[in-house]
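# Commentary on secondary and tertiary structure
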Amino acid sequence: DCFWAPAMAGCPLRSARSLPAWRLPKLASETGDAQAQAILQHSNYRGRTFWFQMGMRPFRSFGLYGDVGYARATVDGGLVLARSGVAALQALPGSYYSRGVIDLWRVEIGIQEEFADRVVVGLALGLMGIIDSHTSITPSGGAPANPALGQAAERTDAALKSNGKVPSLTLRLGVDLI
């Protein structure tokens, strides 16, 4: 879900915003396009995640459990054109604001054991996928409106929906208070 680059270059199908800030330069270099690299490196990103998960452990003595969950990730991005790192864009006024809202599902099956009457240790395999994605890119402060922005948002959503499955490995360590 590269908000700026899909219409400009062969942007990777990964979300730059879901990556830690230290990972962005590597992602930018993977695009193979100098403009996309500059835009990714000079953009600002932030996001929020809401997560709900519930599960069942049918056999306490065996430790097998299953969880299902839902998450909503909201990712905001911004690019001030004067600081974009692209000469053709630096002469333009304004900025672009992007918002992506991604709904995800998650299933997990694992094993969990309790030690010393309170310490819980578990290991699980899971899969997470995208239910839906809505991306918007909006010009502000006199930035030019371009139909390519809407196309980029649509391509981002399509890429997320078609390639949005991720396996997971969970290690649990906790204290059982009940």
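Residues numbered from 1 in each chain as written. Predicted model: local features only at pLDDT ≥ 70, side-chain atom pairs only at ≥ 80, totals over all residues. Heavy atoms only, no water.

### With respect to the overall build of the protein chain
Basically, it comes down to this: Numbering of helices and strands starts at the N terminus; helices are DSSP runs of H or I of at least 4 residues and strands are runs of E of at least 2. Only protein chains enter the accessibility calculation, which uses a 1.4 Å probe; a residue is then buried when its area is under 20% of its type maximum, exposed when over 50%, and partly exposed in between. Residue contacts follow a heavy-atom distance rule, with two residues in contact if any of their heavy atoms lie within 4.5 Å.
Looking only at helices and strands, the protein chain has four helices and five strands in total. Reading the helices (α) and strands (β) of the protein chain from amino to carboxyl end gives α-α-β-β-α-β-β-α-β. Classification of the 178 residues of the protein chain by burial places 40% in the buried group. When contacts within the protein chain are restricted to residue pairs at least 6 apart in sequence, long-range pairs at least 24 apart make up 66% of them.

### Points about the nonpolar core
Definition in use: To form a nonpolar core, buried Ala, Val, Leu, Ile, Met, Phe, Trp, Tyr and Cys residues must be joined to one another through side-chain atoms within 4.5 Å.
Counting residues in each nonpolar core, the largest one holds twelve residues, listed as Ala 38, Ile 39, Leu 79, Leu 81, Val 86, Leu 89, Tyr 96, Ile 137, Ala 143, Leu 149, Ala 152 and Ala 153. Secondary-structure elements contributing two or more residues to this core are helix 2 (34-42) and helix 4 (147-163). It is helix 4 that provides the largest number of residues to this core, a total of three residues. Other than its neighbours up to four places away in sequence, Val 86 contacts Gln 35, Ala 38 and Ile 39. Judged by nonpolar contacts, the second largest core, of six residues, contains Ala 73, Leu 104, Ile 130 and Leu 160.

### Side note on the confidence of the model for the protein chain
We apply this condition: Here pLDDT means the predictor's own confidence in every residue, given as a number from 0 to 100.
Mean pLDDT over the protein chain works out to 80, with 81% of the residues at or above the 70 mark. The model gives residues 1-24 a pLDDT under 50, and that stretch makes 65 contacts with residues more than four places away or in other chains.

### Description of the side chain of Thr 170
Our working rule: Whenever two N or O atoms come within 3.5 Å, that pair is a polar contact, provided that in protein one can donate a hydrogen and the other can accept it, and provided that, for residues adjacent in sequence, both atoms are side-chain atoms.
By the secondary structure assignment, Thr 170 is in strand 5 (residues 165-175). A polar side-chain atom of Thr 170 sits 3.0 Å from a polar atom in the side chain of Arg 106. For Thr 170, the side chain forms a polar contact with the side chain of Glu 108, separated by 2.6 Å. Here Thr 170 is in contact with Arg 106, Glu 108, Gly 122, Leu 123 and Ala 124, once residues within four sequence places are set aside.

### As for a nonpolar patch on the surface
Keep this limit in mind: Patch members must show over 30% relative accessible area and no salt bridge, and they are joined within 9 Å when carrying like charges or within 5 Å when they are nonpolar side chains of Val, Leu, Ile, Met, Phe, Trp or Tyr. We get accessible surface area from the Shrake-Rupley algorithm with a probe of 1.4 Å; when it comes to residues, only the shown protein chains can shield them. Throughout this description, the term salt bridge denotes a Lys or Arg side-chain nitrogen within 4 Å of a carboxyl oxygen of Asp or Glu.
Judged by side-chain polarity, Phe 59, Phe 62, Ile 111, Phe 115, Val 119, Val 121, Leu 123, Leu 125, Leu 169, Leu 171 and Leu 173 come together as a nonpolar surface patch covering roughly 1100 Å² of accessible area. Mapped by element, the contributors of at least two residues to the nonpolar patch are strand 3 (95-115), strand 4 (119-140) and strand 5. Tallying contributions element by element places strand 4 first for the nonpolar patch, with four residues. Mapping Val 119 onto the fold places it in strand 4.

### Looking at the pattern of salt bridges
Taken as a whole, this structure holds seven salt bridges when the rule is applied. As a salt-bridge pair, Asp 76 and Arg 99 come within 2.7 Å of each other at their nearest N and O atoms. Of this pair, Asp 76 sits in strand 2 (residues 64-80) while Arg 99 sits in strand 3; the two residues are 23 residues apart in sequence, bridging distant segments of the chain. The partly exposed category is assigned to Arg 99, whose relative accessible area is 31%.

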